Amino acid sequence: MTYTIGVDYGTLSGRAVLVDVTNGREVGSELLAYPHGVMDSTLPDGTALGHDVALQHPQDYLDVLSHTIPKLLQKTEVSAEDVIGLGIDFTACTILPVDDHGKPLCFYEEHASRSHSYVKLWKHHAAQDKANQLNDVAEQRGEVFLQRYGGKISSEWFFPKIWELAEEAPDLYDQMDVMVEATDWVIWQLTGTLTRNACTAGYKAIWHKQEGFPSEEFLKALSPKLVNAVSEKLRGPILPIGEKAGELTPEMAEKIGLSPGIAIAVGNVDAHVSVPAVGITEPGKMLAIIGTSTCHILLGTEEQIVPGMCGVVEDGVLPGLYGYEAGQSCVGDHFNWVVETCTPASYFEEAALEGIDIHELLTKKAAALAPGESGLLALDWWNGNRSTLVDVDLTGMILGMTLQTKPEEIYRALIEATAFGTRTIIEAFRTSNVPVDEFYAAGGIAEKNALAMQIYADVLNMEIKISASSQTPALGAAMFGAVAAGKDGGGYENIHNAAAAMGKTKPDPYQPHASAVDVYDALYKEYSSLYDYFGRGENDVMKRLKHLKSKSTPVHV
Ligand SMILES: Nc1ncnc2c1ncn2[C@@H]1O[C@H](COP(=O)(O)OP(=O)(O)O)[C@@H](O)[C@H]1O
Ligand SMILES: O=C(CO)[C@@H](O)[C@@H](O)COP(=O)(O)O
């Protein structure tokens, strides 16, 4: 028997999964919640943090490896000699400043109380003003890269974050040797060598296989301080996803209980790594990872500009293909909002009596409604619109409320709105000559909510295949570990072969129901006209309301 390990670094915890190389069977898993969690109010020494700051401690990432892997082997009684490879995936853009030995600046005692020496987590939003300025400068200069990112660079990405560091802590900026994605930093610790991955370089740091990173002139136009941001601070070879980054060093092998010299895959990202885990290796098959928010990943054979996508990157998902990413900022978050804001105590009592979760109760009641029966139609912009409008200032809306409207009707209308949002994204790809012929879903909601998946099948008029794994990213990472080991090392020659043997979806995909498809076609037309009316400038009432809100002074009585 041979095994591979995938480690999935999420926002709050890291999970290692041991997988059988021959068939993708998940033999066991171990999780460690990050001891420092997300630091958004104070640093470990009590130093207070400002608004919109979200940091992490890199020691937690190393602790995940040294705590979970030895336990995993012990629990499953698998010998370290039988593990041939390891892959990881991470949230992104999650970056940290390090010295020339890869030591994070926050590990220096003298920097322990300086927020800029820590990891800036993907949802660190304190660089929004930098993102706004960057977008203005890029637009004025006619930078072509903007089109590849739906017209806007997000404050969550690399350049706004490094600019924030350069401006607010210039001495740390000078002291750091390189700024590195956490996924690449962990791989560096495992192999002893710095490599960067094409996925985060492309989607988060505006890198293009032919054009490279943004030019020095552009960086100088942002700030003279950033002129060396690419030549020095982003140094390091960029490897395509699917390659081997190196081999496990003896020191790390000792710490994490694996054999020295096993293959370590190039770093990867949680959404993108999931694609082969459901067996996708070719164009035309979209995977949606549906949870708190949704990421859509799709492969194509050519680089096309798709309005409002998050990015297109050659080799960014699988080698030899273009990977496209799009997304919806608010999905499960809406459903939670209904639970917390629109659901009376009697529903909670009923759920407790039935011994089910409140989401399950609302879903059960919503499932008893026919499509269109509630008379409601919603716009799913509770947290802005990521694709296709790329506008964080848009807000949500529910039309058709009456005195008879019930919580389960709102719950269902929001599920429908997220499905309409996904259909809008699919149509944007199709009209831009990027085919979407099949639809796959993974993530918490794909697994837990059958009604939501049936609604998606009906709204999209497509079969929906569900990932067979409840740990899809970790499975994907483990598969890349087996590919890094190679065929001669007991793994696979390439990710295509690994996906064929190890990737899986559940039997019995969701099928569209013809009668529901017709009703949803009619509702989608209405959704689209509201989408354009409120989202494309015909009526900017959402922005005017937001503006008024920001100007108003609260009245306290
Ligand atoms: N049964 C359910 N049906 C629909 N949404 C649910 C259900 N249970 C939890 N949720 C929502 O799913 C989201 C969590 O999704 P999950 O994939 O588990 O996590 P994450 O996206 O953070 O990785 C939360 O927003 C929660 O409100
Ligand atoms: O942005 C990406 C991927 O591009 C994610 O890593 C980031 O949104 C975090 O997602 P999760 O909260 O882990 O689902």
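Analysis parameters
- Residues numbered from 1 in each chain as written.
- Chains lettered and ligands numbered in written order.
- Predicted model: local features only at pLDDT ≥ 70, side-chain atom pairs only at ≥ 80, totals over all residues.
- Heavy atoms only, no water.
- UniProt positions renumbered as here; feature names shortened; annotations may be inferred.
- Salt bridge = Lys/Arg side-chain N within 4 Å of Asp/Glu carboxyl O.
- Helix = DSSP H or I, 4+ residues; strand = E, 2+ residues; numbered from the N terminus.
- Buried < 20%, exposed > 50% of the residue type's maximum accessible area, 1.4 Å probe, protein only.
- Pairing = 2+ DSSP bridges.
- Axes fitted to C-alpha atoms, helices over the stretch in contact; angles between N-to-C directions.
- Contact = heavy atoms within 4.5 Å.
- Near = heavy atom within 4 Å.
- Polar contact = N/O pair within 3.5 Å; in protein donor to acceptor, adjacent residues only side chain to side chain.
- Nonpolar A, V, L, I, M, F, W, Y, C, P; charged D, E, K, R; others polar.

- As recorded in an unreviewed UniProt entry, the protein chain goes by Ribulokinase and comes from Aureibacillus halotolerans.
- Taken from UniProt, the Pathway (unreviewed entry) comment for the protein chain reads in full: "Carbohydrate degradation; L-arabinose degradation via L-ribulose; D-xylulose 5-phosphate from L-arabinose (bacterial route): step 2/3."

1. Some points on the pattern of salt bridges
Okay, so step 1: Using the criterion set out here, one finds 25 salt bridges in the structure.
Okay, so step 2: Here Lys465 makes a salt bridge to Glu438, at a shortest N to O gap of 3.1 Å. Remark: Glu438 occurs in strand 19 (residues 438–442) and Lys465 occurs in strand 20 (residues 464–466); sequence separation between them is 27 residues.
Okay, so step 3: Glu438 sits in the partly exposed class, given a relative accessible area of 25%.

2. Digging into the sheet that holds strand 14 (residues 294–300)
Okay, so step 1: Strand order in the open sheet formed by six strands is 15-16-14-13-19-20, with mixed pairing between adjacent strands. Bordering the open sheet on either side are strand 15 (311–314) and strand 20, each of which pairs with just one other strand. Adjacent strand axes in the sheet meet at a mean angle of 25° when their direction is disregarded.
Okay, so step 2: Strand direction decides the pairing type here: strand 13 (residues 285–290) and strand 14, joined by four bridges, are antiparallel. By the bridge assignment for strand 14, Ala288 is matched with His296.
Okay, so step 3: Strands in contact with helix 13 (residues 407–431) are strand 13, strand 14, strand 16 (322–328) and strand 19; relative to strand 16, the strand with the most contacts, it is inclined by about 150°.
Okay, so step 4: Packed on one face of the sheet, helix 15 (residues 450–460) meets strand 13, strand 19 and strand 20 and runs near 150° to strand 20.

3. Quick notes on the site of ligand 2
Okay, so step 1: Around ligand 2, the surrounding shell consists of Thr11, Thr91, Ala92, Trp122, Lys204, Val269, Asp270, His272 and Glu325.
Okay, so step 2: A distance of 3.1 Å separates an oxygen atom of ligand 2 from a polar backbone atom of Ala92.
Okay, so step 3: Within the side chain of Glu325, a nitrogen or oxygen atom sits 3.0 Å from an oxygen atom of ligand 2.
Okay, so step 4: Along the lines of polarity and charge, the residues of the shell around ligand 2 split into three nonpolar, three polar and three charged.

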